[in-house]
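Report on the structure
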There are 2 protein chains.
Amino acid sequence: MLREITGFSNPLVKRVKSLREKKHRRQEGLFLAEGLRILTEALEAGIAPKMLWLSPEMKDHRLVQPLIEACDDAFLTSADILSKLSGKDNPQAVLGVYQELNQPLATLDRSRADIWIVAERLRDPGNLGTILRTGDAVGAGGLILIDDCTDPFSVEAVRASMGAIFTQAVVQSDWRSFVDWLRQGPGQLVGTSLNTDQDYTTPRYAKPTFLLVGNESQGLPQDYEADCDLLVKMPMLGKADSLNAAVATSVMAYEILNQFRR
Amino acid sequence: MLREITGFSNPLVKRVKSLREKKHRRQEGLFLAEGLRILTEALEAGIAPKMLWLSPEMKDHRLVQPLIEACDDAFLTSADILSKLSGKDNPQAVLGVYQELNQPLATLDRSRADIWIVAERLRDPGNLGTILRTGDAVGAGGLILIDDCTDPFSVEAVRASMGAIFTQAVVQSDWRSFVDWLRQGPGQLVGTSLNTDQDYTTPRYAKPTFLLVGNESQGLPQDYEADCDLLVKMPMLGKADSLNAAVATSVMAYEILNQFRR
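All values derive from a computational prediction rather than experimental measurement. (Residues numbered from 1 in each chain as written. Chains lettered and ligands numbered in written order. Predicted model: local features only at pLDDT ≥ 70, side-chain atom pairs only at ≥ 80, totals over all residues. Heavy atoms only, no water.)

Observations concerning the interface of chain A and chain B
Opposite the 33 residues of chain A that make contact, chain B presents 34 residues. Of all residues in chain A, R133, K239 and Y254 of chain A give up the largest surface area on contact with chain B, accounting jointly for 22% of the area buried on that side. Across the chain A-chain B interface, the total number found is six salt bridges. Linking E44 of chain B and K239 of chain A is a salt bridge whose minimum nitrogen-to-oxygen distance equals 3.2 Å. Among the secondary structure elements, those contributing two or more residues to the side of chain A that touches chain B are α3 (36-44), α6 (125-137) and α10 (245-261) of chain A. Of all the elements, α10 of chain A adds the most residues to the side of chain A that touches chain B, at eight residues. (Contact = heavy atoms within 4.5 Å. Buried area = accessible area lost by both parts, 1.4 Å probe. Salt bridge = Lys/Arg side-chain N within 4 Å of Asp/Glu carboxyl O. Helix = DSSP H or I, 4+ residues; strand = E, 2+ residues; numbered from the N terminus.)

Okay, structure coming up:
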């Protein structure tokens, strides 16, 4: 059923807007995603919004109808309120509120994919979302976040993921629990590091590969590197000694994929 | 000579702060770069700041002395003013004002490098800076910006470049002028596109390769694609049909580099 909400002071407007803050996302177990394309992809992946907000011109859009039917509550609202909800001057005409999708490590089925991405203390939401997007592209199973990473359900991370937040499993863990879980089954843990001479194109990667990337400015802790089966690095021909974290992850992920599809 | 400026209303503070806006950068031909590491890399590349701003604790830093000696004017200031200049809550303790480094296409020596990156209507400053950073890493000669791209000298782009703004040539051009220039000498123009079945690992790239990447949401215009020697695409195994623009450029750039170093 489609209801109309046009008052800025409506408590529901305030509540949905508050999901831009991590504290409120944790309290409610909900997060925001914007844009018809992303919401449609989520639905195709079997994930319906709890709440749907749309501007009037979208009401009869062919792709909006299935979203309205699938969600618990749908609200017709103004562009101004959508702008307030999303925090953007030019908001998308459709916004969804979703249940957070954290998966416990123990329930992760590693045999579902040949590539898994593991990120440690990743700080930038754009990097996190971009890594999810690359994960989707290379057929990864999901992203395992180690220690204190930026929130994968922030508006910025969800936006950068371009819908991959709905197709990639997202797990939050600490290092010890992750390594304990990893060693209970098959899996090659490959870390990207400056502390090796091993070129990333040299080794033959083994399925499933767990590709590990460290914090943007500090890289991986030494003892985490010691837990890896393999450390590799990318050639750096210029003045800088590192790549952007999402770029490094993606270059690595495509090398692994290229080996597996040869 | 090191002078002290601590007043927020000092006209020089206002003038430097105004360089956060494109209009003022164009008027003055100047831009901002932050952080001791990046400023030191610039100096090593032979580029000194016109003005240097530092917080008191940096005055006697070993790496700051050469910067003070190399620049026209050095100012000791407060963290609050550095915060105002850079627009960040936690500003870097060193900030430099540099002359914009646009290079005319006509003076570009293509024989200087085996890889050149060409970006068309790139909109995101983070993507632009990240592409510069990757360009540095793969030994590219520079970045050629086509049509209406985001400003490479914005604070965000410079920050994301991590110093590569000083080591990569930056050229701004329109498509026709670029293609005319390109065809006057050797160079394979390779576009990334969804409109091809050619996998990006299949062709043998020819030196120098000009790697062309299109607008984040629209990709390349059809007639630009028609001007390319080669169109290639990356495998996309998931739901999404594209990668982040900086990621796509970087995955391509490393494939080209890997071929050249085999």
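Additional details are given in the paragraphs that follow.
Section: the sheet that holds strand β3 (residues 51-54) of chain A
The strands making up a sheet are joined through hydrogen bonds of the backbone, oriented either antiparallel or parallel. Residue and element names in this part refer to chain A. The mixed open sheet is built from five strands, whose spatial order is β1-β4-β3-β5-β2. In this open sheet, the two strands that pair with only one neighbour each are β1 (2-4) and β2 (30-34). Each strand axis lies, on average, 25 degrees off the axis of its neighbour in the sheet, ignoring direction. In the packing of helix α1 (residues 11-18) onto the sheet, the strands contacted are β2, β3, β4 (73-76) and β5 (94-99), and the crossing angle to β3 comes to about 105 degrees. In this fold α3 packs onto β2, β3 and β5, with an angle of close to 35 degrees to the strand it touches most, β5. (Pairing = 2+ DSSP bridges. Axes fitted to C-alpha atoms, helices over the stretch in contact; angles between N-to-C directions.)

Considering the layout of surface pockets
Each pocket or cavity is described by its volume, and for the second largest pocket that value is around 260 Å³. Looking at the lining of the second largest pocket, the elements that each hand over two or more residues are α10 of chain A together with α10 (245-260) of chain B. Ranked by residues supplied to the lining of the second largest pocket, first place goes to α10 of chain A with three residues. Per-class residue counts for the lining of the second largest pocket are no nonpolar, four polar and nine charged. (1 Å grid on protein atoms, 1.4 Å probe; cavity = no way out; pocket = protein on both sides within 12 Å on 5 of 7 lines; lining within 4 Å. Points joined across faces, edges and corners; volume = space filled by probe spheres on them. Nonpolar A, V, L, I, M, F, W, Y, C, P; charged D, E, K, R; others polar.)

Things to note about empty space enclosed by the protein
What the rule picks out here adds up to two cavities of 30 Å³ or more. Approximately 70 Å³ is the volume attributed to the largest cavity. If you go around the largest cavity, the residues you meet are Y200, V251, Y254, E255 and N258 of chain A together with Y200, V251, Y254, E255 and N258 of chain B. Elements with a minimum of two residues in the lining of the largest cavity: α10 of chain A together with α10 of chain B. Here the lining of the largest cavity is built from residues that sort into six nonpolar, two polar and two charged. Taken as a whole, the second largest cavity spans an internal volume of roughly 50 Å³. R37, I38, E41, R133 and M162 of chain A together with A240, D241 and S242 of chain B together form the lining of the second largest cavity. Residue classes in the lining of the second largest cavity are distributed as three nonpolar, one polar and four charged.

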